[in-house]
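Here is how the chains run, residue by residue.
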Amino acid sequence: MSTWPMVLVDDAMNAALEKATAVFESTKTSRVDVIDINNAVGRVLAQDVVASSPHPAFVASIMDGYAYKSDATVEDNFFKLVESACSRAGAPWTDGTLKTSECAYVTTGARVPNGCDTVAPEEECSVRGDVVTITSASARPPGKWTRAVGSDIASGHALLSK
């Protein structure tokens, strides 16, 4: 025989809820701590985490290849390769703006140089000296083989919600 008195199920549930509510209320705080994400285990967000800038923050190439202006009316798809204009992921070329008849080598993830809006994949080009010829006859509208600014994450987008 138990030394504990018999209790109705509804009464037991109400008692448990009262105790749980009291514990919950005692842990509520209006204090907000700004902490490093590495110390956030077991913590609760006080507010949404919002992107302060777009990602990517620049027009980025999604192929290794040659960046150029899509509306270029260059005879036979010939472009002058600007030797110094090489844009690599993490090492963008930002020394100026390419002219309509010029192109620059870009790697995947790299900033597309100013003056360019399209990338021709390396496999669709031939290079002789400083002349790049696009060998593929496929149409390349503006933005082909690129990612737009903010195409992954827009500025102001909620990354984490409380």
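All figures in this text were calculated on a predicted structure; none of them were measured in a lab.

Regarding its fold elements, the chain presents one helix and 10 strands. The linear arrangement of helices and strands in the chain, starting from the amino end, is α-β-β-β-β-β-β-β-β-β-β. On C-alpha atoms alone, the chain measures out to a radius of gyration of 29 Å, which is more than a quarter above the 15 Å that the 2.2 N^0.38 rule sets for 162 residues. If one aligns the C-alpha atoms of the chain with their principal axes, the spans along those axes are about 100 × 30 × 25 Å. A buried classification covers 25% of the 162 residues belonging to the chain. For the chain, restricting intrachain contacts to residue pairs at least 6 apart in sequence, the fraction spanning at least 24 positions comes to 70%. Across the chain, the mean location of the 14 positive side-chain charges is 3 Å away from that of the 20 negative side-chain charges.

This part is about the pairing of strand 5 (residues 102–106). Strand 5 sits mainly inside the fold: five of its five residues count as buried. Residues of strand 5 alternate between two faces, with Glu 102, Ala 104 and Val 106 on one and Cys 103 and Tyr 105 on the opposite face, all of them buried. As judged from the three bridges shared by strand 3 (residues 65–68) and strand 5, these two strands associate in the antiparallel manner. Across the sheet, residue Ala 67 finds its bridge partner in strand 5, namely Ala 104. Inspection of the sheet shows strand 4 (residues 78–87) paired to strand 5 by four bridges, in the parallel sense. Of the residues in strand 5, the one forming a bridge with Ser 87 is Val 106.

Okay, the environment of Lys 69 next. Here Lys 69 shows up in the loop between strand 3 and strand 4. Among the residues examined, Lys 69 registers a relative accessible area of 28% and is labelled partly exposed. Considering only alpha carbons, one finds Lys 69 and Ile 37, 32 residues apart in sequence, at a separation of 41 Å. When near neighbours in sequence (up to four residues on either side) are disregarded, Lys 69 contacts Gly 115, Cys 116 and Asp 117.

Basis of the calculations
Residues numbered from 1 in each chain as written. Predicted model: local features only at pLDDT ≥ 70, side-chain atom pairs only at ≥ 80, totals over all residues. Heavy atoms only, no water. Helix = DSSP H or I, 4+ residues; strand = E, 2+ residues; numbered from the N terminus. Rg over C-alpha atoms; globule rule 2.2 N^0.38 Å. Buried < 20%, exposed > 50% of the residue type's maximum accessible area, 1.4 Å probe, protein only. Contact = heavy atoms within 4.5 Å. Lys, Arg positive; Asp, Glu negative; His and termini not counted. Charge placed at Lys NZ, Arg CZ, Asp CG, Glu CD. Pairing = 2+ DSSP bridges.

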